[in-house]
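Structural overview for review
Next come the chains, spelled out residue by residue.
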Number of protein chains: 2
Amino acid sequence: MNKEQKLEIKRHSLAHILASAVLEMFPEAKFGVGPNIENGFYYDFDLPRTLIPEDLPILEKKMKEIIKKNLQFEKQVVDRDKAIELYKKAGQDYKVEILNDEAKDEEVSLYKTGEFVDLCKGPHIDSTGEIDFTSFKLNKIAGAYWRGDEKNKMLQRIYGIAFNNKKELKEYQTKMKEAAKRDHRKLGKELDLFCFSDLVGPGLPLFAPKGVVIIDELRKHIEKICAGYGFQKVMTPHLAKIDLYKLSGHADKFGKELFHVSSEQKHDFVMKPVQCPHQTQIYASKQRSYRDLPIRYMESEKQYRAEKSGEVGGLNRVYAITVEDGHSFCRVEQVKKEVKNMVEIIKDFYSAIGLWGNGNHWVSLSVRDYSHPEKYIGDPQDWDKCEKMLEDVAKEMKLDAKKIEGEAALYGPKLDFMFRDSMGKEIQIPTVQLDFATPKRFDLVYTNEKGKDEFVVMVHRAILGSYERFLALLIEHFAGAFPLWLSPVQVKILPVSSEKHIDYARKVNSLLLENNIRTEIDNSNESIGKKIREAEKQKIPYMLVVGEKETENNSVAVRQRGSRDIKTVGVKEFIEGVKKEIDEKK
Amino acid sequence: MNKEQKLEIKRHSLAHILASAVLEMFPEAKFGVGPNIENGFYYDFDLPRTLIPEDLPILEKKMKEIIKKNLQFEKQVVDRDKAIELYKKAGQDYKVEILNDEAKDEEVSLYKTGEFVDLCKGPHIDSTGEIDFTSFKLNKIAGAYWRGDEKNKMLQRIYGIAFNNKKELKEYQTKMKEAAKRDHRKLGKELDLFCFSDLVGPGLPLFAPKGVVIIDELRKHIEKICAGYGFQKVMTPHLAKIDLYKLSGHADKFGKELFHVSSEQKHDFVMKPVQCPHQTQIYASKQRSYRDLPIRYMESEKQYRAEKSGEVGGLNRVYAITVEDGHSFCRVEQVKKEVKNMVEIIKDFYSAIGLWGNGNHWVSLSVRDYSHPEKYIGDPQDWDKCEKMLEDVAKEMKLDAKKIEGEAALYGPKLDFMFRDSMGKEIQIPTVQLDFATPKRFDLVYTNEKGKDEFVVMVHRAILGSYERFLALLIEHFAGAFPLWLSPVQVKILPVSSEKHIDYARKVNSLLLENNIRTEIDNSNESIGKKIREAEKQKIPYMLVVGEKETENNSVAVRQRGSRDIKTVGVKEFIEGVKKEIDEKK
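Residues numbered from 1 in each chain as written. Chains lettered and ligands numbered in written order. Predicted model: local features only at pLDDT ≥ 70, side-chain atom pairs only at ≥ 80, totals over all residues. Heavy atoms only, no water.

The next thing to look at is the overall build of chain A. For chain A, the count of helices and strands is 18 helices and 28 strands. Its C-alpha atoms put chain A at 80 × 80 × 55 Å along the principal axes. Looking at chain A as a whole, 54% of its 586 residues are labelled buried. In the structure as shown, chain A presents an accessible area of about 27,400 Å², 47% of it carried by carbon and sulfur atoms. In chain A, which carries 97 positive and 94 negative side-chain charges, the distance between the mean positions of the two groups comes to 3 Å. (Helix = DSSP H or I, 4+ residues; strand = E, 2+ residues; numbered from the N terminus. Buried < 20%, exposed > 50% of the residue type's maximum accessible area, 1.4 Å probe, protein only. Areas by Shrake-Rupley, 256 points an atom, 1.4 Å probe, with all protein chains shown as cover. Lys, Arg positive; Asp, Glu negative; His and termini not counted. Charge placed at Lys NZ, Arg CZ, Asp CG, Glu CD.)

This is how it looks when you write it as structure tokens:
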């Protein structure tokens, strides 16, 4: 048994100890289930009253007492029917329900710790004394429907975190504190990037001007990189007849997640859950020749998916997903060059935000499961050719890609890119996917040199995925302190006196604006110290203090975000420096 | 009776003459209705066979014979019941239906011309001989549901055009021919700007790369102008709960035109028919102070309206309407400055496309109907103040506005701007509207100097309206020959020999691209004459012929769109000239 498995058993055992403590506190308690989870455990209870935060330390104390008593985890194997009878007597309806619905064998196992007997497959630690009682903590109370079904009763769930020792627990708590500070929902509000409205509804974020600046900068940057590789912007609506998705296969794939659109005038559409099918229709609108290929389209548009209403939240799960999507329609012989270009685009983009390189990323060459060729769509010879091309690209570009069998999409092999954000979280966004199937479904052809029709290959590429998720990622990765080129306000001008120095502040402001630098003046009646603190809170990269001396010398006293140093430079010099930094996207 | 009324009577009389001619050709014909319309008339028939275009000259000849016979239009007044009996006998079911459903009086009038007797209120000309038979023409056959209801039978409609004399008819026909050449649906396809797909559905245009270039240039231009006046971009989704529109009043206003969105997961949304309510929710997401005002939002986004499926077509009537919309939230005292800025924006934008000035536009100052103050929302004192402000702006900016009483919106007075396109068609797009009502409905307030809440005023502004309609307008106004800054391809490079001069062509191409000039090379094996004709057909502003001499001298032989002159200049000189022209938006 490895260390990780041991820890899982310990976490699960702690769930039992928690249940035992709850039983002491609420003899009427009915028990749901209590599994171990990532970083800890939980247990669901049906209790005579609603728990309050003050209950957690009481329960923790009781758990520690149980640990000190060094009680055995006693396993008993009993007949299923006997177990049912036992739990019926004890009024444990939830356990009875599990036994009736889920227990397949004639015999079931029970674990007894002190007074508490739980229906459980185990395994467990031998006795409670094995646990270091400084290594766990109860941290959250939440509501949870019995069996996750909102038609059932809402139980009370107590969460705990648990590690091997006190040190690990502390490390985790520090990390969580930092993550809470970086939470994109919290920072998004503080930095005025986006909001939600009860009248509009959940899952439908509204982006305020400062949020749009970031999204727009990202979009312009991607469009510029991609235009250099021949991508052209297209624009498609958010609706289509269901026929489009029946043909593409997405009607099946998304099923319940499709939004259906109707009207009193008897219209019948669905909202697009993906961008590709619309783009195929632009390709298909004209006769295409081999001379026209590759044809490359890109689009930053919203797509809509009917996520379960309980699951939407923040920017990571939304109904309205603004996706940057692009496709190349090309000949088989052109695939390699197209893939190479797309990898260059991804490299270029992720370098600009500091996620490429330094052991921060890895690449998966996702190919077929060769033992099940029947699972894939398309001509095996095309697959061979294209997997070889991807492999060559990976080698030539020194991507150090891991070849992973069975990870290809149904319709073609792909390259997937994985990154680690500043909190160590793995993110998988960019991808380059070959697609032999869609062109056949939509009859996407070109006329070759001999005047005959041939199918194109579609190459899908995602760079940042959805702007919503990417913005959440950026907020948390940078803790709101965006690099200069992405900062909604790049420079804040702080006049020492809002009366005496405002004219000069305005002059500096105009000069900055003329140079396309995003700037604001803080002309409140606050002290300069307070103005600096406010600008720091807003994570503004440059603060320019302007007072008597600066007005006289046509200069600015520059304070950089997070630094206490102030350096006085001429206005022109400052502008040149900032412009260079923005251009270089540092 | 004025000239126009006389012409209307003549057109209506021609409809009777047409019906009489049809009766000669098809004695079994059943008659629907036959009114005069703009530029002519039509009549709906239920005939034993489908009409073919060759029928029109035959019918015209018969009409001319009837005119030559100089037949009287004999009016007869009969009892309604007698008329019903008469038409029943003649098997004229449609006339019977009209008499049963619509005739309110005891007596009805019939008009007889030759053999044909029509149920008609009149008036008519005295006799057919009054008509100049060179002044009309039958021009179209179409299907039309009886009473416009698709549940009814489809009748055959014959359209005619008619004027005072032959000269006027010819003028109209010439104009129509020109309009057909300029038709945005035809040019949109030829210039590859947009397309439709049967799989996506009607009313849902897909914009190809060249169309998106124009839309993007317009958007960037507007955003740049507006940013100069403090407008900030926001981004909102296409869905909202119906509650949002119940509160704004749009649920009532749009009713049947709302698209309803649902899912198997029981979601219930509507698609936004307008942009304003979403934008109010961003304003409302924070506490606002008088120091923050004015706050100005702008957005170019799609809104969706469930037009009747029979009515969508081309870009003028679509379900997916990409609207450029903007709002200023300000104090009453700030309204004047805001309006002034918005008028400046409109002036700036329409000057750039040559529609402002030269007697090409006029302005309506749309105020209340003072005899019915009860029809309007808001405090009469605010109205007084704001109407006065609009009047002052109009005077100070020398708009020469016509004050039109009763043209104000329910929620505030407005300035409307009317233009004439190159075909003489009047276009009403830009508008600046004051709105006292919406802030009250959504509780949009700010804290004033005394710490008390006051309602803001919303000022709505539209500049180009929807990109779809505006693109249609531009295509037809310029007959596809867009000004340089809007041209999807600004320069086409035509190598004399696709082998010998291609390297130099590519070099020129790269230089142009580096200078953000949109360029293409025609490297086909065609003759230079053919390449020029093709580029002219694509309405490309500059053609650069490059051959032996140009390669040697680092020059280009420039041919401008629509001109036969060729002028040889250095590459650098050409680039500088083009860049200047693009910047100046000539």
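Moving on, we get to the domain arrangement of chain A. What the domain assignment lists for chain A is domain 1 (3-174), domain 2 (194-478) and domain 3 (484-584). Computed over C-alpha atoms only, the centres of domain 1 of chain A and domain 3 of chain A are separated by 57 Å. (Domains from an automatic or database assignment.)

Taken together, the side chains of A:Asp79, A:Asp81, A:Glu85, A:Asp105, A:Glu106 and A:Glu107 present a region of like negative charge at the surface. Looking at A:Asp105, the relative accessible area reads 55%, which means it is exposed. (Patch = residues over 30% accessible without salt bridge, like charges linked within 9 Å, V, L, I, M, F, W, Y side chains within 5 Å. Salt bridge = Lys/Arg side-chain N within 4 Å of Asp/Glu carboxyl O.)

In total, this model carries 84 salt bridges over all chains according to the counting rule given. Residue A:Lys340 pairs with A:Glu396 through a salt bridge whose shortest N-O separation is 2.6 Å. Placement of the pair is A:Lys340 in helix H11 (residues 335-352) and A:Glu396 in helix H12 (residues 380-396), with a sequence separation of 56 residues. You can call A:Lys340 partly exposed: its relative accessible area is 26%. The residue B:Arg331 makes a salt bridge to B:Glu449 at a minimum N-O spacing of 3.0 Å. One end of the pair, B:Arg331, is in the loop between strand S16 (320-330) and helix H11 (335-352); the other, B:Glu449, is in the loop between strand S21 (445-447) and strand S22 (453-455), and 118 residues separate them in sequence. Judged by relative accessible area, which is 52%, B:Glu449 ranks as exposed. Three or more residues are tied together by salt bridges with common partners; here these are A:Asp216, A:Arg219, A:Glu223, A:Lys233, B:Asp216, B:Arg219, B:Glu223 and B:Lys233.

All right, on to the relation of the copies chain B and chain A then. Laying chain B over chain A is done by rotating through 180° and shifting 0.1 Å along the axis; what remains is an RMSD of 0.2 Å. The operation mapping one copy onto its partner corresponds to a two-fold rotation axis. Among all C-alpha atoms of chain B, that of B:Val261 lies closest to the rotation axis, at 2.2 Å. When the interface residues of chain B are mapped onto chain A, 100% of them are again interface residues, pointing to one common binding face. (Least-squares fit on C-alpha atoms with pLDDT ≥ 70 in both. Contact = heavy atoms within 4.5 Å.)

What follows deals with the environment of A:Tyr159. Residue and element names in this part refer to chain A. With respect to the element layout, Tyr 159 can be found in strand S8 (residues 154-162). It is 9.8 Å that separates the C-alpha atoms of Tyr 159 and Asn 36, two residues lying 123 residues apart in sequence. Here Tyr 159 is in contact with Ile 37, Phe 41, Tyr 42, Lys 137, Leu 138, Asn 139, Lys 140 and Ala 142, once residues within four sequence places are set aside. Reaching out from Tyr 159, the side chain makes a polar contact with the side chain of Arg 157 at a distance of 3.3 Å. (Polar contact = N/O pair within 3.5 Å; in protein donor to acceptor, adjacent residues only side chain to side chain.)

All right, on to the nonpolar core then. A:Leu218, A:Val339, A:Phe349, A:Tyr350, A:Leu415 and A:Phe574 are the most contacted members of the largest nonpolar core, which has 86 residues in total. Of all the elements, H11(A) adds the most residues to this core, at nine residues. Counting only domains with at least three residues in this core, you end up with domain 2 (194-478) and domain 3 (484-584) of chain A. When sequence neighbours within four positions are dropped, the list of residues in contact with A:Phe574 reads A:Val491, A:Leu512, A:Tyr542, A:Leu544, A:Val556, A:Val558 and A:Val569. Counting residues in hydrophobic clusters, the runner-up holds 85 residues, among them B:Val339, B:Tyr376, B:Leu473 and B:Leu474. (Core = buried A, V, L, I, M, F, W, Y, C linked by side-chain atoms within 4.5 Å.)

Remember that side chains alternate between the two faces of the sheet whenever the strand is regular. Residues and elements named next belong to chain B. Pairing geometry for strand S5 (residues 107-113) and strand S6 (residues 116-119), over four bridges, is antiparallel. Residue pairing in the sheet places Lys 112 in a bridge with Val 117 of S6. Counting the residues between successive antiparallel strands, the hairpin from S5 to S6 contains two residues, one of them, Gly 114, with a positive phi of roughly 60°. (Pairing = 2+ DSSP bridges.)

Residue and element names in this part refer to chain A. Strand order in the open sheet formed by three strands is S4-S5-S6, and the pairing between neighbours is antiparallel. A strand with exactly one partner marks an edge of an open sheet, and here the two such strands are strand S4 (74-79) and strand S6 (116-119). Looking at each pair of strands side by side, their axes are set apart by 30° on average, direction ignored. Relative to strand S5 (residues 107-113), S4 runs antiparallel, the two sharing six bridges. Within S5, the position partnered with Gln 76 by the bridge is Leu 110. The strands touched by helix H1 (residues 3-25) within the sheet are S5 and S6, with S6 carrying the most contacts at an inclination of about 130°. (Axes fitted to C-alpha atoms, helices over the stretch in contact; angles between N-to-C directions.)

Another aspect to go through is the pairing of strand S3 (residues 40-46) of chain B. Residue and element names in this part refer to chain B. Counting buried positions along S3 gives seven out of seven residues, so the element sits mostly inside the fold. Side chains Gly 40, Tyr 42, Asp 44 and Asp 46 project from S3 onto one buried face, and the interleaved Phe 41, Tyr 43 and Phe 45 project onto a second face that is buried too. By the bridge criterion, two bridges tie strand S1 (residues 30-31) to S3 in an arrangement that is antiparallel. From the neighbouring strand, Phe 31 faces S3, where its bridge partner is Phe 45. Across two bridges, the pairing between strand S2 (residues 36-37) and S3 is antiparallel. Paired with Ile 37 across the two strands is Gly 40, which belongs to S3. What sits between the antiparallel neighbours S2 and S3 is a turn of two residues, in which Asn 39 has the positive phi angle 70°. Across six bridges, the pairing between S3 and strand S8 (residues 154-162) is antiparallel. Its bridge partner lying in S8, Phe 41 is registered against Gly 160.

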